[in-house]
Amino acid sequence: MREVLHITTHMGGGVGKVLSGVASYAARTNAPYRHRILLLEQPQKTNFIDVCRADGVEIFCAPGRKDIEAAVRAADVVQIEWWHHPLMAAFLADFPQIRMRLALWAHVSGCWYPYISPAFLHVPQRFIFTSPYSLDNPYWNEAERAWARTHTSVIHSSGGFDAIRSHALHVRDDHFVVGYIGTQSYAKMNRDFVKYCAAVADTPGIEFVLVGDLTNVDQIRAEAAALGIEEKFRFVDYVRDVSAELAKMDVFGYLLSPRHFGTTENALLEAMAAGLPVIALDQCAEKYLITHNETGILIKNRDDYRRAMELLFMYPEERIRLGNAAREKVLRDFSVAHTVCQLHAIYDKMLQEDKRQYCFCEAIGRVPHEFFLYGLPDELRTIFTAQKPTTGYELPPILREESKSSLPHFARVFPADVQLQQWRNDFCGGEP
């Protein structure tokens, strides 16, 4: 049996779900590849790790350098799970100089921040994106986009939907629930989310239920209060049983920033897998996940949102039609079996090629502040590299987060890097 070694920073969130889904499915079905997973840091949560170990999948948690190199030598294929985490950047900059077959699976689009440069694509033996949207990268020229379309692959990072139950239609005169599941930070959520809600707030009995990270609740609540619709919002912290929350919703309104970093969008796919009608903006990865008016509704502005919501409120049969088609598509095209089959097909081809060594330094830098800079598109990089940096400039929300590969995140992980500390002082007000 051939062996694949996945190297990831951790197994939280969507990456944890897909890795556990892939590795466990391969183990249960006696697939020709055995998957092992190596974490660069000690896990904070073990739910996905527990799933893997229950199926006999071996997990290495924060091993030393010698153990990492031994695991790499033992593998037929090494796969990096990448989303520009600071620890992964440091690992790639000091990448083991061992001959191996190397794939890299990017779990962010790379079209804004974290940015994926054309040079980065050339380093591994196989570069795998998680959305066709990545191939539209606006910062590449047409020749670079053409090269990427020819020399890279796209595999959606789905871990399966076994826990998602089919949605039951609600037809109620006094209650109409528009749900959202996911981060409530404006690093991902559309900055005008509350204004979109206000555009449909006169729908009889409407309630907006937001499930997920509550760190931005006060700001959302204040914006809703300013528009006179605060009483229509309800906030729910992270839950284990996502399916139970989806079952309470009538429509899934997934309104993201036009510069968000997501790709497979598991929250959206889970809603579709439940048979819930979805509305999303016609942009980024969403436009590749939803077929307009077949498996959901894609909108361009608030007027579109209002019309779509009116349609789904007035005609329950449309909710059924869209929800059923969405569920059928997701269960067919985004199953964990489909993901595993696609990955194994790539590994089969890689095994026909010789092992070699890899150097990432020209693509990601050699020291911590360079790691941060190399993840920025040019329009953001110039803010930091100007002879007189524009202090006081308000960075985009994604760069001000406490985590998510933000400037404070890099500065916290690399406290000895003087340049990172200076940038954090200049742009984020010092210690987070």
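Reading the values: rules and limits
Residues numbered from 1 in each chain as written. Predicted model: local features only at pLDDT ≥ 70, side-chain atom pairs only at ≥ 80, totals over all residues. Heavy atoms only, no water. Helix = DSSP H or I, 4+ residues; strand = E, 2+ residues; numbered from the N terminus. Rg over C-alpha atoms; globule rule 2.2 N^0.38 Å. Buried < 20%, exposed > 50% of the residue type's maximum accessible area, 1.4 Å probe, protein only. Contact = heavy atoms within 4.5 Å. Lys, Arg positive; Asp, Glu negative; His and termini not counted. Charge placed at Lys NZ, Arg CZ, Asp CG, Glu CD. 1 Å grid on protein atoms, 1.4 Å probe; cavity = no way out; pocket = protein on both sides within 12 Å on 5 of 7 lines; lining within 4 Å. Points joined across faces, edges and corners; volume = space filled by probe spheres on them. Nonpolar A, V, L, I, M, F, W, Y, C, P; charged D, E, K, R; others polar. Pairing = 2+ DSSP bridges. Axes fitted to C-alpha atoms, helices over the stretch in contact; angles between N-to-C directions. Expected span 1.5 Å × (residues − 1). Salt bridge = Lys/Arg side-chain N within 4 Å of Asp/Glu carboxyl O.

Caption draft 1: Up close: the overall build of the protein. Scanning the protein from terminus to terminus reveals 20 helices and 13 strands. Against the globule reference of 22 Å for 432 residues, the protein gives a C-alpha radius of gyration of 22 Å, in line with a compact fold. Dimensions of the protein, computed from C-alpha atoms along their principal axes, come out at roughly 65 × 60 × 40 Å. Scored against the burial criterion, the 432 residues of the protein give a buried share of 57%. Restricting to contacts in the protein with at least 6 residues of sequence separation, those with at least 24 account for 74%. One way to put it: in the protein the 46 positive side-chain charges average out to a point 4 Å from where the 53 negative ones average out.

Caption draft 2: Structural detail: empty space enclosed by the protein. Under the definition given, this model contains two cavities of 30 Å³ or more. Going through the elements one at a time, helix 15 (361-364) and helix 16 (368-374) are the ones with two or more residues in the lining of the largest cavity. Residues that form the lining of the largest cavity fall into these classes: nine nonpolar, three polar and no charged. Each pocket or cavity is described by its volume, and for the second largest cavity that value is around 40 Å³. Looking at the second largest cavity, the residues that line it are V178, G179, Y180, F193, C197, F208, L210, G253, L255 and Y305. Mapped by element, the contributors of at least two residues to the lining of the second largest cavity are strand 8 (176-181), helix 7 (193-199) and strand 9 (206-211). Here the lining of the second largest cavity gets three residues from one element, more than from any other, and that element is strand 8. In terms of residue class, the lining of the second largest cavity is built from eight nonpolar, two polar and no charged.

Caption draft 3: Looking closely at the sheet that holds strand 13 (residues 297-299). Read across the sheet, six strands follow the order 10-9-8-11-12-13 without closing on themselves; strand pairing throughout is parallel. For this open sheet the edge positions go to strand 10 (233-236) and strand 13, each flanked by a neighbour on one side alone. Each strand axis lies, on average, 25 degrees off the axis of its neighbour in the sheet, ignoring direction. As judged from the four bridges shared by strand 9 and strand 10, these two strands associate in the parallel manner. Residue pairing in the sheet places L210 in a bridge with F235 of strand 10. Of the strands in this sheet, strand 8, strand 11 (251-254) and strand 12 (278-281) are in contact with helix 10 (residues 266-273), which crosses strand 11 at around 165 degrees.

Caption draft 4: Fine view of the side chain of T9. Within the element layout of this structure, T9 appears in the loop between strand 1 (2-8) and helix 1 (13-28). Not counting the four nearest positions on each side in its chain, T9 is found in contact with L39, L40, E41, W83, H85, L87 and M88.

Caption draft 5: Up close: helix 1. For helix 1, with 16 residues, the first-to-last C-alpha span of 22 Å sits near the 22 Å given by 1.5 Å per residue. Three or more residues of helix 1 are buried, namely V15, G16, K17, V18, L19, S20, G21, V22, A23, S24 and A26.

Caption draft 6: Seen up close, unusual backbone geometry. Cis geometry is adopted by the peptide bond preceding P114, which originates at Y113 and carries an omega value of -5 degrees. Summarising the element assignment, P114 is placed in the loop between strand 5 (102-106) and helix 5 (118-121). Positive phi, normally seen in glycine, also occurs at A62, with a value near 50 degrees. Along the polypeptide, A62 turns up in the loop between strand 3 (59-61) and helix 3 (65-74).

Caption draft 7: Main features of the environment of D174. Within the secondary structure layout, D174 lies in the loop between strand 7 (153-154) and strand 8. The sequence separation of D174 and I206 amounts to 32 residues, and the corresponding C-alpha distance is 8.1 Å.

Caption draft 8: Representation of the layout of surface pockets. A volume near 180 Å³ is recorded for the second largest pocket. Lining the second largest pocket are 14 residues, with W112, Y186, S257, R259 and P397 sitting closest to its centre. Across the lining of the second largest pocket, the residue classes tally to ten nonpolar, two polar and two charged.

Caption draft 9: The arrangement of the pattern of salt bridges in detail. Here the structure, examined in full by the defined rule, presents 32 salt bridges. The partner of E353 in a salt bridge is R126, with the nearest N and O atoms 2.7 Å apart. Linking E353 in the loop between helix 14 (336-350) and helix 15 with R126 in strand 6 (residues 126-129), this pair joins segments that are 227 residues apart in sequence. The partly exposed category is assigned to E353, whose relative accessible area is 30%.

Caption draft 10: Up close: the pairing of strand 5. Along strand 5, five of the five residues are buried, which leaves the element largely enclosed by surrounding structure. In this sheet, strand 5 lies alongside strand 4 (residues 77-82) in parallel orientation, the contact comprising five bridges. Across the sheet, the residue bridging to I80 is L104, located in strand 5. Note that strand 5 and strand 6 share three bridges and pair parallel.

Caption draft 11: The sheet that holds strand 2 (residues 33-39), seen in detail. Spatial ordering of the open sheet is given by 3-2-1-4-5-6-7, a layout of seven strands whose pairing is parallel. Both outer strands of the open sheet, strand 3 and strand 7, are each paired with one neighbouring strand and no more. As defined by bridge partners, strand 1 adjoins strand 2 across seven bridges and the pair is classed as parallel. By the bridge assignment, R2 is partnered in strand 2 with Y33.

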